[in-house]
Amino acid sequence: MAKSMMLLWGSGSPPCWRVMIALEEKKLQGYKHKLLSFEKEEHKSQEVLEINPRAQLPAFKHGDIIVNESCAACLYLENRFKSQGSKLIPDSPAKQALMYQRMMEGVHLTDKLNSVVYYDYLVPEEERHDSALKRNKEALTTELQLWEGYLQNVAAGSYLAGPFSLADVIVFPNIAYAFRFKLSVERYPKLAKYYSLLKDRPSIKASWPSQWFATPQGDDALKDV
């Protein structure tokens, strides 16, 4: 079944990583994939546009079925292969509701991280202002404190919604991304503990961004957040 899947991805991209973790968790190794370069703007190539007209990665295809949004792709994989690999949606209505809530909130975290880490890349030089970057950092701080609070109420050794679930598949890449860019372990101890709990999970280790092996740390964009 995996051989009929194709994933176009970029290394270090949390949305791409989510799909790769989900594929590992559902025991769908052996899928076709191609690593593309954001720096070379290969995500805007015709090859990508044929699958994802938004010119974004990931671009995911299973046979004739196309699912490009990372959360949607993860949901598709779990629902299509329910009896295979890890169970990523809990049965309990309460845990299921919490999982969906944290899963969707993870998308907001991605946006707020990008608004700080990639501020210079996303905003033309003539439009950049220190005050705008300061606001972005303040918004990210508020967001991270929310997640720190969520984890305050999670039992030791548990995940965002109880057992490991799609909430963790979606959110963990953001947390790893934040610590790569020097987020303070001292200021966010619960997030740091969550990161340590998950970083050696087989699906996460198997899909760890290849470029991070060569450069384990990014710049210090988040050191004062």
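Residues numbered from 1 in each chain as written. Predicted model: local features only at pLDDT ≥ 70, side-chain atom pairs only at ≥ 80, totals over all residues. Heavy atoms only, no water.

The name an unreviewed UniProt entry gives the chain is Glutathione S-transferase rho, with Amphiprion percula as the organism.

Details of the packing of aromatic side chains
Put simply, the rule reads: Paired rings are identified among Phe, Tyr and Trp, the last through its six-membered ring, by centres lying within 6.5 Å, and are further divided according to the angle between planes into stacked (under 30 degrees), edge-to-face (over 60) and tilted (the rest). Here a strand is any run of E in DSSP of at least two residues, a helix any run of H or I of at least four, and the numbering for each starts at the N terminus. Note on exposure labels: buried denotes an accessible area under 20% of the residue type's maximum, exposed denotes more than 50%, and partly exposed covers the range between, all computed with a 1.4 Å probe on protein chains only. Here, over-ring charges are defined by two tests on the NZ atom of lysine or the CZ atom of arginine: distance to the ring centre within 6 Å, and angle to the ring normal within 35 degrees.
Under the definition given, this model contains 12 aromatic pairs. Here W17 and W212 contribute two aromatic rings whose centre-to-centre distance is 5.4 Å and whose plane-to-plane angle is 85°, an arrangement assigned as edge-to-face. With W17 in helix α1 (residues 14–25) and W212 in helix α10 (residues 210–214), this pair connects stretches of sequence that are 195 residues apart. Taken as a pair, W17 and W212 share a single burial class, namely buried. A connected cluster of aromatic rings, assembled from ring pairs, spans W17, F172, F179, Y194, Y195, W208 and W212. Of note, R102 hangs over the ring of Y150, and the distance from its end group to the ring centre comes to 3.5 Å. The residue whose ring lies beneath R180 is F181, and the NZ or CZ to ring-centre distance is 5.8 Å.

Observations concerning the sheet that holds strand β4 (residues 65–66)
Stated formally: Strands pair, by our definition, only if DSSP identifies at least two bridges between them. The contact criterion used is simple: two residues touch if any of their non-hydrogen atoms lie within 4.5 Å. Axis definition: a line fitted to C-alpha atoms, over the contacting stretch in the case of helices. Angles run 0 to 180 degrees between N-to-C directions.
If you trace the four strands from one edge of the open sheet to the other, you get β2-β1-β3-β4, paired in mixed fashion. Both edges of this open sheet fall to β2 (32–36) and β4, since each of them pairs with a single strand only. Relative to strand β3 (residues 59–62), strand β1 (residues 5–10) is paired through four bridges, and the arrangement is antiparallel. Within β3, the position partnered with L8 by the bridge is A59. Relative to β1, α1 is tilted by about 140°, and along the sheet it contacts β1 and β3. Its contacts with the sheet place helix α3 (residues 70–80) against β1, β3 and β4, and it is angled at close to 20° to β3.

Re the packing of α1 against helix α7 (residues 166–180)
To be explicit about the condition: Roughly parallel refers to an angle under 35 degrees, roughly antiparallel to one over 145, roughly perpendicular to one between 65 and 115, and oblique to any angle outside these ranges. Helix crossings get a hand from a simple test, with the near helix turned counterclockwise from the far one by less than a right angle marking a left-handed crossing and a clockwise turn marking a right-handed one. When residues are grouped by polarity, Ala, Val, Leu, Ile, Met, Phe, Trp, Tyr, Cys and Pro land in nonpolar, Asp, Glu, Lys and Arg in charged, and all others, Gly among them, in polar.
Two numbers describe how α1 lies on α7: the axes approach to 8 Å, and their chain directions differ by 130°. Between α1 and α7, the angle is such that the two are oblique. Two packed elements cross with a definite hand, and for α1 against α7 that hand is right-handed. Taking contact as the criterion, the partners of P14, W17, R18, I21 and A22 in α1 are, on α7, V169, I170, F172, P173, N174, A176 and Y177. Residues that form the contact of α1 with α7 fall into these classes: 10 nonpolar, one polar and one charged.

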